[in-house]
Amino acid sequence: MAPHILAPTPAGLYCPAGDFHIDPTRAVPRALITHGHSDHARAGHGAVLATRETLAIMALRYGEAFCAERQVAAYGERIRVGGVDVAFHPAGHVLGSAQICVADARQRIVVSGDYKRQRDPTCPAFEPISCDVFITEATFALPVFRHPDTSHEVEKLLSSCRIFPDRAHLLGAYSLGKAQRMMALIREAGWDRPIYIHGAMEKITDYYASEGVDFGEIVKVSASDRARLAGEIVLCPPSAIQDVWSRKFPDPVAAFASGWMRVRARARQRGVELPLIVSDHADWDDLCATILETRCGEVWVTHGEADALAHWASTIGLPARPLHLVGYGDEEEAGVEAPSA
């Protein structure tokens, strides 16, 4: 069998024929980036090829000089890079997120990046792409992780606001993607009062709004605001819930939107009173269904519960390879924020 056109290396997936890495974990001469989260999009590369939105988000978070040269990839556009063709397709993870298809005359490989299949009003939906090899994430690749309908989780939040009108509701959510999705879902559920946000979310939220996402009235919380926000919804980075910042709010309800809230012990460890199971990653059922939809002949699993998903693939007769790539993790769990956020 001929060697694959992509190979795992210490810096991440590498394409010798195109001389580029995909989501490299260290600075490289040429990088293709799937999306703007800090475990996939790092500063310091020579040339970066990504969607327009991902490049803009990287510039917001790292500064305009985050790389030496940048090139925009439109969804569905075929771009020749060295000896291969590459194309970016929607991943449904966050604004600008993409799967990357790498192909030559003999082989077609799709790198999923992070993705989800649930509806998200703030970004284009995931599009299954047929391929020979599908390289997938596996953040929630255990059968226990089956995400509920997001409308049910949002209703839990709004119901709590009705039951406890004298308490501020602090909703922990990652500053890129999850926070904006929650704002949009809260609006869709009928919340017509201002939504308050931590200052760390302002730049990214403003960018989403500039791209046409309608959040209604958004107000950045000031120090003088906090004591008077009883009954209001305040979005903040997960780490802020346990920070000094949260103490001035009136009897705050600590909520957290994450796929990890399926595990009650994690909610207790974080001091979360109102866990909301809302994830920007595919759950077990969607991971398995997506693999089948690609009609791939082989599966590689980059990070997360790689062994479990690879084992499932092998049970249906699909060759599978856990890569155990180092340097990628779930932002929801870590609560990591980019330096400029």
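Everything below is about the structure shown above.
What counts, and at which threshold
Residues numbered from 1 in each chain as written. Predicted model: local features only at pLDDT ≥ 70, side-chain atom pairs only at ≥ 80, totals over all residues. Heavy atoms only, no water. Helix = DSSP H or I, 4+ residues; strand = E, 2+ residues; numbered from the N terminus. Rg over C-alpha atoms; globule rule 2.2 N^0.38 Å. Buried < 20%, exposed > 50% of the residue type's maximum accessible area, 1.4 Å probe, protein only. Contact = heavy atoms within 4.5 Å. Areas by Shrake-Rupley, 256 points an atom, 1.4 Å probe, with all protein chains shown as cover. Lys, Arg positive; Asp, Glu negative; His and termini not counted. Charge placed at Lys NZ, Arg CZ, Asp CG, Glu CD. Phe/Tyr/Trp six-rings, centres within 6.5 Å; stacked < 30°, edge-to-face > 60°. Polar contact = N/O pair within 3.5 Å; in protein donor to acceptor, adjacent residues only side chain to side chain. Pairing = 2+ DSSP bridges. Axes fitted to C-alpha atoms, helices over the stretch in contact; angles between N-to-C directions. Core = buried A, V, L, I, M, F, W, Y, C linked by side-chain atoms within 4.5 Å. Domains from an automatic or database assignment. Expected span 1.5 Å × (residues − 1). Arc of directions from axis to C-beta.

Caption draft 1: Focus on the overall build of the protein. A tally of helices and strands in the protein yields eight helices and 19 strands. At 20 Å, the protein has a C-alpha radius of gyration in line with the 20 Å of a compact globule built from 341 residues. Its C-alpha atoms give the protein principal-axis dimensions of about 65 × 45 × 30 Å. The 341 residues of the protein split such that 58% are buried. Within the protein, contacts between residues separated by at least 24 positions form 61% of all contacts whose residues are at least 6 apart in sequence. Of the accessible surface of the protein, which amounts to about 13,400 Å², a share of 52% is contributed by carbon and sulfur atoms. Positive and negative side-chain charges in the protein, numbering 34 and 43 respectively, have mean positions lying 2 Å apart.

Caption draft 2: Geometry of the packing of aromatic side chains. Counting across every chain of the model gives six aromatic pairs. Centroid distance Phe145 to Trp260: 5.5 Å. Interplanar angle 85 degrees. Geometry classified as edge-to-face. Taken together, the residues Phe145 in the loop between β11 (133-138) and α2 (150-163) and Trp260 in the loop between β16 (253-257) and α5 (264-269) connect sequence positions 115 residues apart. As far as burial versus exposure is concerned, Phe145 and Trp260 are alike and both buried. Among the aromatic residues, those joined into a cluster by ring pairs are Tyr115, Phe126 and Phe134.

Caption draft 3: Molecular detail of the side chain of His35. Topologically, His35 is positioned in the loop between β4 (30-32) and β5 (45-50). A residue is classified by how much of its surface remains accessible, and His35, at 0% relative accessible area, is buried. There is a polar contact of 2.9 Å between the side chain of His35 and the side chain of Thr34. For His35, the side chain forms a polar contact with the side chain of His37, separated by 3.5 Å.

Caption draft 4: Expanded view of the sheet that holds strand β19 (residues 320-322). The strand order across the open sheet formed by seven strands is β7-β8-β9-β10-β11-β18-β19, and the pairing between neighbours is mixed. Among the strands making up the open sheet, the edge pair consists of β7 (78-81) and β19. For this sheet the average axis-to-axis angle between neighbouring strands, irrespective of direction, equals 20 degrees. Direction of pairing for strand β18 (residues 298-304) relative to β19: parallel, over a ladder of three bridges. Across the sheet, Trp300 pairs through a bridge with Arg321, a residue of β19. In this fold helix α6 (residues 284-294) packs onto β11 and β18, with an angle of close to 170 degrees to the strand it touches most, β11. Helix-sheet contacts for helix α7 (residues 306-315) involve β11, β18 and β19, and the interaxial angle to β19 is about 175 degrees.

Caption draft 5: Just the nonpolar core, in detail. Ranked by internal contacts, the top residues of the largest apolar core, which has 33 residues, are Leu171, Met182, Ile186, Tyr208, Ile233, Leu235 and Leu276. Looking at this core, the elements that each hand over two or more residues are α2, α3 (178-188), β13 (195-197), α4 (202-210), β15 (233-236), β16 and β17 (274-276). When we break this core down by domain, the ones giving at least three residues each are domain 1 (7-144 + 280-334) and domain 2 (150-276). For Leu171, the contacting residues outside a window of four places in its chain are Leu157, Met182, Ile186, Val234, Leu235, Cys236, Ala255, Phe256, Ala257 and Leu276. In this structure, Phe20, Leu32, Ile79 and Ile100 belong to the second largest nonpolar core, which totals 25 residues.

Caption draft 6: Examining the sheet that holds β4 more closely. Spatial ordering of the open sheet is given by β1-β2-β3-β4-β5-β6, a layout of six strands whose pairing is mixed. The open sheet has two edge strands, β1 (7-9) and β6 (67-72), and neither has a second partner. The mean angle between the axes of side-by-side strands here comes to 30 degrees, regardless of whether they run parallel or antiparallel. Sheet topology note: the strand β3 (residues 20-22)/β4 ladder contains two bridges and is parallel. Opposite Ile22, over in β4, you have Leu32 as the bridge partner. Strands in contact with helix α1 (residues 52-62) are β5 and β6; relative to β6, the strand with the most contacts, it is inclined by about 155 degrees.

Caption draft 7: Up close: α2. The terminal C-alpha atoms of α2, which comprises 14 residues, lie 20 Å apart, in line with the 20 Å expected from a rise of 1.5 Å per residue. Listing the buried residues of α2 in full gives Thr150, Glu153, Val154, Leu157, Leu158, Ser160 and Cys161. Considered in projection along α2, the buried side chains sweep an arc of 155 degrees and stay on one side of the axis. When the buried face of α2 is taken as reference, the exposed residues oriented beyond 90 degrees from it are His152, Arg162 and Ile163. The inward-facing, buried residues of α2 contact β12 (169-172), α3, β15, β16 and β17.

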